[in-house]
Structures are given as structure tokens and as C-alpha cells.
Amino acid sequence: MSLDSPVATREKARIFVTGHCDGLPELREALERHAEIELVGWSEGVRESASTLTGGHLQVVLHGTRASSLPADELAAIREHTRAPLILLASGESSALLEEALEAEVSDVLLLPQMTENVVFAIRKASHSGRRAQGVPGRRGRIVTVFSPKGGTGKTVTSTNLASTFAKYEGKRTLLLDLDLQFGDAAIMLGIEPEKTIYDLVVAPGELDSEKLAGYTTRHNCGLDILPAPLRPEDAELVTEAKLARLLEVARESYDVIVVDTSPFFHGPMLATLDRTDELLLVAGLEVPTLKNVRLSLQTLELLAFPSNRIKVVLNRSNSKVGMKPGEVEGALEVKVRFELPSDGKVPLAVNRGTPLVLADDKADYSKAVRQMAKQLLPAEAAKQQKRRLFARSS
């Protein structure tokens, strides 16, 4: 066995180099030849490298600067595209730079010239710390799946409003995953035109991890992250059950809540999602055809051995004057309606404007009902409310 064998079998660290400073061209050439480094690319300007930085596949970014103090604007521009660990490279003496970097999101500061092996060691150290930071220890986000066996029941409206509520009003790190893979509308209901979708994520090279996932989500101004459905229906088949299963596990490590909007079918992606679902919201309406399909869905879930205590029936447009009452729904389905969302003329207006009603008008009856539902779906918050009620009774 040769002395070089441990290095030969070690996975290469994928890096990208930006910026400029004295000694950086020579270092870049040395790193490109190093057996432990995969230099994905380099660019002096951040703007020119945006597409590569956003890929989510980088383990470390090296940024060169001639500034004597922390180049905050340059670092902020990099952070718009990637959360990969960042090593700052500078030339000459810069004590102020070192001090400021300690308080910023910088993994290390190296003053050039520097031995190549010292830089490789710093890259390895930053890469390992980045992997540890990707998932919060002990975090296991709850997966709330919203399903209806019939179109037009308000499933996606429910999903987008619920996810926005978790993010905006409950302060939860929330991901909205649109698994209506052929005709998903979650992004348009949020007024978002995303550059990347779940299709781009699953076909991208490299292992899926939290850093890579972050590179493909789109942030709504309420704080909600969304991973939209593919733009073309034919791309849906590439979102396989295996890739979806991995995606959901990675999302659990990164988010407090994952709201999954689904298509009205019990197909592969839906079954893979059910295996990991903590709460299944089954959306029904006051129409006989819808109730017939919901009842069939309940029977199918029973055959699939899905735990009945995880199923919550949501009656949408519950106050509509259509000759049927919520009590009759419970009788037809033989299960209790857990949540009721009222009919509200402001809902379609909000949909057409691309803003969930809970954000456009939090005083609307529909918004209040969604916010109450969100609170009850968070077990920790529900327990706190129960304790408050018990304390109030005893005092």
C-alpha cells in the first residue's frame, strides 16, 4: 500500500474561487492540481458566478479581497446564492479584517502567500463544519400533507395559506413542497415566478443535502420557502419515489414544518409522502361527488394501514348555503370534521392577486380559521395553550 492511498480514496472537496488579491492566481493553480480538491470554477465577480454558486453542490467558497476591512457587500452578494462555508483570502497584514471576520459568517481568514497544504487543511475543516451545521441537531420537522381526491375543493388554497401562517405568524421555518407534479399552482398562488423547481433539484448532480436543497427553493417575502412543481407536465415522471423520500428526509432536518400540496391521486409520490406524513389534512366540501371521493379515500387509507389518528378532515366553505350541513358531512363520512374553513369572497380575490388571504387580510374570517388550524397542528403550541387554560381555571 502506498503512502498516497488515503489521499487517493478521500472524497475531493468541491470549491469555487471568487474575488481577487495578490497571490490568488498562483494558489488557484495549485489547488486545481491538488488531489484532494475539485475546483469547480472561478470568477473575479460574484455576479458572473451566480449560477454556479446557486447549485447547492459546493462545499466551500474561497473569496479573495484586497480590502483592509471586511468586504461586507461582497460577502452579502455571495450569501444571496449559497450558504456554503466561506474562507476569506487576503494579502498582507490585515488585523482589522481578522477581528471583523470573527463576528461574521466566515469560516476562516487566510493571509497570502500561504502553503497550499495549509489552505487545503482549512478547506477540509470548513467543509466538515459546514456539514455539521446543515441540520440542526435534534430537529425533525413535521410533515403536514394536504390532500383531496377531487379538484376544485380548495386544496392548494389551503396549503398556501397554511404554510404562510406557519412562517409568518408562528415563526416556524417552513417549506411548501408542491407535489401536484403535473399541474401544480402553489407558486402562482403565492405570486412567485421561480427560477428552479423540484425537477431541477432531482436531476442536478451530486448527493442531496440541506445546502443543496436551499439552492433550489424560492423565498417568499413572508419568510416561507417553496419548492415548486415542474414547469412542464412531462418532467413529473423524473421525480421518483426514491428521490422524493430522500428530499423529505433532508427537509425534516432543515425545517420545522413541511407543508406538502398534492395531486388528487394515490400514485407513487403520494404513497412515498404518506409513509412520512405526521398530519394528513383531507379536504372536503359540501358536495355529494366530493364526499363520495373523500369516503373512498378514507377506505383506501385504511387499506394502506395509514394511522387514523393522523387524518384530519378539513371542511372547506363550511358555511355555504347549498342544502347540506357540516353534521351531515360527518354522518356521510362516519368521521368527525376536525377543521372548518368558511366561505369568504376575499379568497378568490387574493388568489387572483397572488397573495394568500392570511397575509392580505389577517382579520378575515377565513384567515382566522386557518391561523387557528395552524396552532392546533403544532403539538408544542397546543400543549402550551392547554397549560394556560388549566392554570386559568385553577387561579
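These notes cover the structure that comes with them. (Residues numbered from 1 in each chain as written. Predicted model: local features only at pLDDT ≥ 70, side-chain atom pairs only at ≥ 80, totals over all residues. Heavy atoms only, no water.)

## Focus on the environment of glutamate 170
What counts, and what does not: Secondary structure follows DSSP: runs of H or I at least 4 residues long count as helices, runs of E at least 2 residues long count as strands, and numbering of each begins at the N terminus. Each residue is placed in one exposure class: buried if its accessible area under a 1.4 Å probe, protein chains only, is under 20% of its type's maximum, exposed if it is over 50%, and partly exposed if it falls in between.
Counting through the fold element by element, glutamate 170 comes out in the loop between helix H7 (155-168) and strand S7 (174-179). The class of glutamate 170 is buried, set by a relative accessible area of 14%.

## As for the packing of H7 against helix H17 (residues 365-377)
Two numbers describe a pair of packed helices, the interaxial angle and the distance between the axes. Threshold: Only the contacting stretch of a helix is used when fitting its axis, a line to C-alpha atoms as for every element, and angles between N-to-C directions run 0 to 180 degrees. Any angle that falls under 35 degrees is termed roughly parallel, while one over 145 is termed roughly antiparallel, one within 65 to 115 roughly perpendicular, and all others oblique. Crossings are assigned a handedness: left-handed for a near helix turned anticlockwise from the far helix by less than a right angle, right-handed for a clockwise turn. The criterion used for residue contact is that any of the two residues' heavy atoms lie within 4.5 Å. Residues are sorted three ways: Asp, Glu, Lys and Arg are charged, Ala, Val, Leu, Ile, Met, Phe, Trp, Tyr, Cys and Pro are nonpolar, and all the rest, Gly among them, are polar.
One can describe the packing of H7 onto H17 by two numbers: an axis separation of 9 Å at closest approach and a directional angle of 65°. The angle between H7 and H17 places the two elements in the roughly perpendicular class. For H7 against H17, the interelement crossing comes out right-handed. For the pair H7 and H17, contact is made by Val157, Thr158, Asn161, Leu162, Thr165 and Phe166 and by Tyr366, Val370, Arg371, Met373, Ala374 and Leu377, respectively. Looking at the contact of H7 with H17 residue by residue, the classes come out as eight nonpolar, three polar and one charged.

## Notes on the sheet that holds strand S5 (residues 108-112)
Pairing between the strands of a sheet is mediated by backbone hydrogen bonds and can be parallel or antiparallel. Heads up, the rule is: Here, strands pair whenever DSSP counts at least two bridges between them.
Spatial ordering of the open sheet is given by S2-S1-S3-S4-S5, a layout of five strands whose pairing is parallel. What marks the edges here is a single partner per strand, and that holds for strand S2 (37-43) and S5. Mean inter-strand twist for the sheet, computed between neighbouring axes without regard to direction, equals 25°. Both strand S1 (residues 13-19) and strand S3 (residues 60-65) contribute to a ladder of five bridges, which runs parallel. Bridge pairing in S3 links glycine 19 to glycine 64.

## Section: the environment of serine 127
In this structure, serine 127 sits in helix H6 (residues 116-134). A residue is classified by how much of its surface remains accessible, and serine 127, at 4% relative accessible area, is buried. Leave out the neighbours within four places in its chain, and serine 127 touches Gln59 and Val60.

## Some remarks on the nonpolar core
To keep things clear, this is the line we draw: Only buried Ala, Val, Leu, Ile, Met, Phe, Trp, Tyr and Cys residues count toward a nonpolar core, and they belong to the same one when joined by side-chain atoms within 4.5 Å.
Ranked by size, the top nonpolar core spans 35 residues in total, and within it Leu162, Phe166, Leu176, Leu281, Met373 and Leu377 carry the most contacts. The greatest single-element share of this core, amounting to six residues, is contributed by H17. When neighbours within four sequence positions are excluded, leucine 281 is seen to be in contact with Val144, Thr145, Val146, Phe147, Leu162, Lys312, Val314, Phe339, Met373 and Leu377. Counting 24 residues, the second-largest nonpolar core is a separate cluster that includes Ala236, Leu244, Leu248 and Ala272.

## Things to note about the pairing of strand S11 (residues 279-284)
Inclusion rule: Here is how to tell: hold the view so the strands point away, follow the path from the first strand over the helix to the second, and if it runs clockwise the crossover is right-handed.
Among the six residues in S11, six count as buried, and that is most of the element. Pairing between strand S6 (residues 142-147) and S11: four bridges, direction parallel. Within S11, the position partnered with valine 146 by the bridge is leucine 281. The sheet contact formed by S11 and strand S12 (residues 311-316) spans five bridges and is parallel. Bridge pairing in S12 links valine 283 to valine 314. For the handedness criterion, the β-α-β arrangement of S11, helix H13 (residues 288-303) and S12 is classed as right-handed.

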